[in-house]
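Spelled out, the chains give:
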Amino acid sequence: MNLYKYVSEKINEKLGFEAKLEIPRNREFGDFSTNAAMVMARSAGKNPRELAGNILPKIQELDFVESASVAGPGFINLKIRDDFLWNAAESAADVTPAEKPMVIDMDYGAYNVAKSLHIGHLRTSIVGDTFNRIAKCLGHKTFSWNHIGDWGKPMGLVIAWIERLHPELPYFQDNFDSKTPVDYEIDEKELNTYYPAASAFAKENPEFQLRAQKIKADFQSGHPGYFALYEKFLAVSLRTMNNTVNRLNILPFDYDLGERNAANYLAPVEKILREKNMIYENAGAQIIDVKRDDDNKPMPPYMWRDSRGADTYDSTDLAAVYCRKKTDNPDKIIYFTDLRQSLHFEQLFRVADMSGIYPYDKFEHIGYGTVNGADGKPFKTRDGSAAGLDDILDVANDAVKARITEFDKKLDDETIKIIALAAVKFNDLLHDVKSDYIFDPSQITSFEGRTGPYVLYTAVRLNSVLRRAGEFTKSKNAKLESDERNLIMELLDFDRTVQSAFDSRATDLVANYTYDLCQLINTFYHNCPILREDIPADTRATRLTLVQIATDVLTKALDLMGLKIPKEM
Ligand code: ARG
């Protein structure tokens, strides 16, 4: 139930006029405030306060209005009837479905084969997943695409590196037979060292560099030995990706299909581009011009094929669009990557549009900022190396453990993991996507303040009240005390929050709403005793009813962020 929208529409209907409803900062003045009289007066050349006085009776006639009064230069403040709030509260956790459900392809995660998942993949996973959950909850049909980096330069380097280490392996022999099993296993940790090692080595050794490039080209044109080896380490990487997806508690991807899959669609795409004369040659490379006359910043050409004839990040991304159009025919394609890829996506959207493959205005790129350490530079592990995704979660785990020892609490490992993950995810979601933030393990694991542990603790507390209360008959005491009333008003703002988070692509609205809600829940909990013996039965029932509604809303909000609620804390 979107109370704001309901009230707003009813007032507009009554006045026959589109006015904006405000939520006053100080609720003492009313639950809502409208500037209708002021806007109407301006166009009619009348005195706003006088006009407000004239339309006041109309507002008072509305059945949900308890009282209304004119304030300031001509605002009308109104208070909603308690019994109306009670009735509305029953559906507080229900989110109004989108009027026009869309099919949305979401590209996030997008991990790389033979490269460990790093801190740069944290936000794409968390924000992408939350946005996916929000869209689903509004009734949109979404498809998540894990556009795996499984085709480009790193493949050539890794294969070349393995060749250097084990030239005797059958994969590198001319008589390689894909049917004969090869006795060779790679372990994940080792695999993740290959790409950095090979890439550093290639910088010093032009010969190795050339070898890797040659291997990449042969691999892309289907060299059976390289392909079989690739399949081997691909499997290892996919297992790592899956572990991470589980550890992050994000929804399973609808498609684990990335660059390699997209490469299957290069031919039809190239045909379209050639027909439209979009590709031309420059210094041996095949490129596409994407400049526009009104560009006020440099707009380099799109690289269709590099000077060695290899497929590129650019070409596979365009082919992926073509594939998605054939597969899901989405109304929108939304990418979640680091802000620094903005130029790439601007180019992609232009090429897709110019070629008629997919229109520019149906694309969106949600670029996120960097996760920094206390020094303001990208977060590093204690030994100074770039932090892996697992490192982040481990650090948070340790910080939670330290807190618990400090409080002299005992919690099992599973609970600690749930809390640590909530700390990381909630903190991430609190921030505006575009901005950088500082990752401070001690701050984000605090049990007080705007943190994951705080919101989980609130949920655990509500569950515990309901458990201790046992069965109860729902009751709606018409008269609300102020802390109860504030809580109900916030609960009735859940639907609106989810709608705005989707409309403005701002997942932080949900996180911040959740925190505000928890604060009101805790104030209510402290000021309005529930199970205490001296509390009359009807008051207890009313308050338990409120606890139940708050639990429903909070649980839903936490679920939108992929946060689990522990049994105890
Ligand atoms: N694999 C890339 C990386 O790790 C991100 C890919 C994003 N998605 C895309 N369609 N380009 O940085």
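Check the entry above for the structure.
Residues numbered from 1 in each chain as written. Predicted model: local features only at pLDDT ≥ 70, side-chain atom pairs only at ≥ 80, totals over all residues. Heavy atoms only, no water.

A. Just the nonpolar core, in detail. Residues L78, I162, F233 and L318 are the most contacted members of the largest nonpolar core, which totals 182 residues. Tallying contributions element by element places helix α15 (residues 413-430) first for this core, with 11 residues. Contact partners of L318, with chain neighbours within four places excluded, come to V269, L273, Y302, W304, L348, V351, A352 and I357. (Core = buried A, V, L, I, M, F, W, Y, C linked by side-chain atoms within 4.5 Å. Buried < 20%, exposed > 50% of the residue type's maximum accessible area, 1.4 Å probe, protein only. Helix = DSSP H or I, 4+ residues; strand = E, 2+ residues; numbered from the N terminus. Contact = heavy atoms within 4.5 Å.)

B. How the structure looks around the pattern of salt bridges. According to the stated counting rule, one finds 32 salt bridges in the structure shown. Linking R247 and D394 is a salt bridge whose minimum nitrogen-to-oxygen distance equals 2.8 Å. Residue R247 is located in helix α9 (residues 224-248), and its partner D394 is located in helix α14 (residues 389-407); the two are separated by 147 residues in the primary sequence. Overall, R247 belongs to the partly exposed group, its relative accessible area being 30%. By relative accessible area, which is 35% here, D394 ends up partly exposed. Each of D31, D82, K479 and R485 takes part in salt bridges that share partners, so that together they form one network. (Salt bridge = Lys/Arg side-chain N within 4 Å of Asp/Glu carboxyl O.)

C. Looking closely at the packing of aromatic side chains. According to the stated counting rule, one finds 35 aromatic pairs in the structure shown. Taken together, the aromatic side chains of Y108, Y111, F131, F253, F336 and F502 make up a single cluster linked through ring pairs. Over the face of the ring belonging to F201 we find R164, whose NZ or CZ atom lies 4.1 Å from the ring centre. Above the ring of F502, the side-chain terminus of R505 is found at 4.8 Å from the ring centroid. (Phe/Tyr/Trp six-rings, centres within 6.5 Å; stacked < 30°, edge-to-face > 60°. Lys NZ or Arg CZ within 6 Å of the ring centre and 35° of its normal.)

D. Inspection of the sheet that holds strand β8 (residues 285-288) at higher detail. Within the open sheet, the three strands sit side by side as β7-β8-β9. Their pairing is antiparallel. If you trace the sheet from one side to the other, it starts and ends with β7 (279-282) and β9 (302-305), each paired once. Neighbouring strand axes in the sheet, compared pairwise and without regard to direction, differ in orientation by 45° on average. Strand direction decides the pairing type here: β7 and β8, joined by four bridges, are antiparallel. Bridge pairing in β8 places E281 opposite Q286. Lying over the sheet, helix α11 (residues 266-275) contacts β7, β8 and β9, oriented at roughly 120° with respect to β9. (Pairing = 2+ DSSP bridges. Axes fitted to C-alpha atoms, helices over the stretch in contact; angles between N-to-C directions.)

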